[in-house]
Amino acid sequence: MRLTTKGRYAVTAMLDLALHGDQGPVSLADISARQEISLSYLEQLFSRLRRHKLVTSIRGPGGGYRLSREADSVFIAEVVDAVSESLDTTRCGNKGDCQNGEKCLTHHLWSDLSDQIHQFLSDISLGDLMRKREIQVVASRQNRRRSEGDSQTINTERLTDQAPA
């Protein structure tokens, strides 16, 4: 089974959006900074998420993205599916042509595993993840680092302004 970067980043970005959405629209630049995901990559992902009506965009100053519905009703499998991420564990892409054009001996085992993984992710919402203590700890650390980074930038600029010529 392989969940590629696209699926991982989409879930990470959506969880970040859910965690910070109570403060108004969240910019992709903020998500990019907190999660260390390239802004251009996030733009591509959010285009797909918007098309699947998982997020809405708010234009203008102070704009950004919001979840299109409550975090408890956005499920991880939906996010992964929206970015066209396959959770297939078969070698044949579940086509059944894994061995000389026919199903291999373990095709049904791997196909059933793919179904189980999809069902598992269908039962977990962004809201469920937001309530996990471990996730809250990581989000707090990221927020602290981001605000410390911002103040360090300000301090550096002040030092530069005050440096003797």
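The rules behind these values
Counting from 1, residues in each chain are numbered in the order their sequence is written. Whole-chain, interface and lining totals are the exception, using all residues; otherwise, since this is a predicted model, local features are given only for residues with pLDDT of at least 70 and side-chain atom pairs are given and counted only at 80 or more. Each side-chain value is worked out from all heavy atoms of the structure, with water and hydrogens disregarded. Here a helix means four or more residues in a row that DSSP labels H or I, a strand means two or more in a row labelled E, and each is numbered from the N terminus. Only heavy atoms enter the contact rule, under which two residues are in contact if any of them lie within 4.5 Å. Every accessible area reported is derived by Shrake-Rupley at a probe size of 1.4 Å, with residue values counting cover from the shown protein chains alone. Exposure above 30% relative accessible area and the lack of any salt bridge qualify a residue for a patch; like charges then connect within 9 Å, and the nonpolar side chains Val, Leu, Ile, Met, Phe, Trp and Tyr within 5 Å. Here a salt bridge means any side-chain nitrogen of Lys or Arg lying within 4 Å of a carboxyl oxygen belonging to Asp or Glu. A 1.4 Å probe rolled over the protein chains alone gives each residue an accessible area, and that area as a share of the maximum for its type sets the label: buried under 20%, exposed over 50%, partly exposed in between.

Enquirer: Help me out: how do you make sense of the overall build of the chain in this one?
Expert: Counting its regular elements, the chain contains seven helices and two strands. Counting from the amino terminus, the chain carries its helices and strands in the arrangement α-α-α-β-β-α-α-α-α. For the chain, contacts bridging at least 24 residues in sequence account for 64% of all contacts bridging at least 6. With the model as given, the accessible surface of the chain reaches about 10500 Å², and the carbon-plus-sulfur share is 49%.

Enquirer: I'm lost on a nonpolar patch on the surface in this one. Help?
Expert: A cluster of nonpolar side chains, contributed by L109, W110 and L113, occupies part of the molecular surface with about 270 Å² of accessible area. Here W110 lies in helix 5 (residues 107–122). Here W110 falls in the partly exposed class, since its relative accessible area comes to 36%.

Enquirer: Before we go on, may I ask you to explain the pattern of salt bridges in this structure?
Expert: Working definition: two side chains of opposite charge can pair if their charged atoms are close together. Scanning the model with the defined rule gives four salt bridges in all. The partner of D128 in a salt bridge is R131, and the shortest N-O contact between them spans 3.0 Å. Salt bridges sharing common partners tie together D72, D128 and R131.

Enquirer: Help me understand unusual backbone geometry, please; the structure alone is not making it clear to me.
Expert: Here E36, not a glycine, exhibits a phi torsion of approximately 55°, which is positive. Relative to the helices and strands, E36 resides in the loop between helix 2 (28–35) and helix 3 (39–51). Overall, E36 belongs to the exposed group, its relative accessible area being 69%.

Enquirer: Mind showing me how you'd approach helix 2 here?
Expert: Since the α-helix advances by 3.6 residues per turn, residues separated by three or four positions end up pointing in the same direction. Buried within helix 2 we find L28, I31, S32, R34 and Q35. Once helix 2 finishes, E36 follows within two positions and takes phi at roughly 55°, a positive value.

Nothing here speaks to function; it is all geometry.
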